[in-house]
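Structure assessment
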Amino acid sequence: MDIFRIFVPPLIKDKNMNGWRRWLLGISACLLSLCAWAARVDTLQVRSLAMNKRVEVVVICPDAAERKACPVVYLLHGHGGDAHTWLGTTKPELPEIADEKGLFFVCPDGEASWYWDSPLNADVRYETFVSDELVQYIDSCYRTIADRKGRAITGFSMGGHGALWNAIRHSDVFSAVGSTSGGVDIRPFPKNWNMSDQLGEKERYPENWENYTVINLVPQMLNGQLAIIIDCGYGDFFFDVNTRFHEALQKQGVDHDFIVRPGEHNHRYWHNSIDYQILFFQKHFREQGL
């Protein structure tokens, strides 16, 4: 990591300057220390062969990665967001958390894709990008733990659905998954959030709406396949579908953490909820021996 050089001009040599000199040197040392221990934030354009385009990705690199390989948490934004939403709006403290916990955070732009490989649009392949191309790129360019046991994925709203969709279908890539205020059952919302752009109108393509919703993946899940944490606020319009998702996991015998607390579908809630999820992932990584 680059360390900023601080220039201290020569001081006049007289008996009154020793204290001033020590003060300047002390300030310089403090600033150097702060720079040396600040997580680096990279903004990348990652090539997707599947979509034949570049996708913007923000990577927050912990200082610890200069000394050892570190786990990675992939953070997916919601509808209307982009690669900068997590760091710029939802959780500006991510660099400090990255250094404190020794974690990478990777935030890709998912546009309004719901992180699917669209059954209708050949140029929308965000499942392939997130679970294959991006993971390979990050592991090749950064000092990560390049193994499923060192990868978790989560997101809010559309990103919560996307995290679960990708993790359940690619549990060979991710070992832990979260969702905060996730759209875990899309079927009650056929006119919302550009989903029909990728799936088609529900009336015309009902099979897509059944096959591309997270809750319908539960019957194929095995207990212990993933470490799972989901949460939702009481005042959230996704509260009912999250409760049904929790009940479906219980019926399937899949262990998971399900947290409900006061809150609505907004960044204020996600700013708080991600702290609990990061602690969950950190504990999971420790249990993996990392």
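Up top is the structure these notes are about.
Notes on the structure in this doc start here. (Residues numbered from 1 in each chain as written. Predicted model: local features only at pLDDT ≥ 70, side-chain atom pairs only at ≥ 80, totals over all residues. Heavy atoms only, no water.)

**A word on the pattern of salt bridges**
Pairs can form between side chains of opposite charge whenever their charged atoms are close. Across all of its chains, the model carries 11 salt bridges by this definition. Of the charged contacts in the structure, one is a salt bridge between D139 and R151, with a shortest N-O distance of 2.6 Å. With D139 in helix α4 (residues 126–141) and R151 in strand β5 (residues 151–155), this residue pair connects regions lying 12 residues apart in the sequence. Residue D139 shares its accessibility class with R151, and that shared class is buried. (Salt bridge = Lys/Arg side-chain N within 4 Å of Asp/Glu carboxyl O. Helix = DSSP H or I, 4+ residues; strand = E, 2+ residues; numbered from the N terminus. Buried < 20%, exposed > 50% of the residue type's maximum accessible area, 1.4 Å probe, protein only.)

**Observations concerning unusual backbone geometry**
Backbone geometry places Y115, a non-glycine residue, at a positive phi of 60 degrees. Looking at the element boundaries, Y115 is found in the loop between β4 (104–108) and α4. A positive phi angle, near 65 degrees, is found at N194, a position not held by glycine. One can find N194 in the loop between β6 (176–180) and α6 (195–199).

**What to know about the side chain of D231**
Examined against the element boundaries, D231 turns out to sit in strand β7 (residues 227–233). Buried within the structure, D231 lacks any salt-bridge partner; its nearest side chain of opposite charge belongs to R261, at an N-O separation of 4.0 Å. There is a polar contact of 2.8 Å between the side chain of D231 and the side chain of Y269. Those residues in contact with D231 that lie beyond four places of it in its chain are S179, T180, S181, N242, I259, R261, Y269, S273 and Q277. (Lys, Arg positive; Asp, Glu negative; His and termini not counted. Polar contact = N/O pair within 3.5 Å; in protein donor to acceptor, adjacent residues only side chain to side chain. Contact = heavy atoms within 4.5 Å.)

**Let's talk about the state of the cysteines**
If you walk through the whole model with that rule in mind, you get 0 disulfides. Summary of cysteine pairing: C70 is not part of a disulfide, and the nearest cysteine sulfur, belonging to C61, is at 9.9 Å. (Disulfide = S-S within 2.5 Å.)

**Remarks on α4**
Along its length, α4 reaches its greatest deviation from straightness, about 35 degrees, at L134. Inspection of α4 places Y126, E127, F129, V130, S131, E133, L134, V135, I138 and D139 among the buried residues, and these make up the whole buried set. The elements touched by buried residues of α4 are β1 (40–48), β2 (53–61), β3 (72–76), β4, β5 and α5 (158–169). (Bend = angle between axes of the 7 residues up to and from the residue.)

**Notes on the packing of aromatic side chains**
Under the counting rule described, the total for this entry stands at 15 aromatic pairs. Relative to Y212, the ring of W165 has its centre 5.4 Å away and its plane inclined at 20 degrees; by these criteria the two rings are stacked. One end of the pair, W165, is in helix α5; the other, Y212, is in the loop between α7 (206–211) and β7, and 47 residues separate them in sequence. Note on accessibility: W165 and Y212 belong to one class, buried. For the ring pair F189 and F238, a centre distance of 5.1 Å and an interplane angle of 85 degrees mean the geometry is edge-to-face. Of this pair, F189 sits in the loop between β6 and α6 while F238 sits in the loop between β7 and α8 (239–252); the two residues are 49 residues apart in sequence, bridging distant segments of the chain. Residue class for F189 comes out buried when judged on its relative accessible area of 14%. Through a chain of ring-to-ring contacts, three or more aromatic side chains come together here, namely W114, W116, W165, F189, W193, Y212, F237 and F238. Taking NZ or CZ as reference, R261 lies 4.4 Å from the ring centre of Y276, over its face. (Phe/Tyr/Trp six-rings, centres within 6.5 Å; stacked < 30°, edge-to-face > 60°. Lys NZ or Arg CZ within 6 Å of the ring centre and 35° of its normal.)

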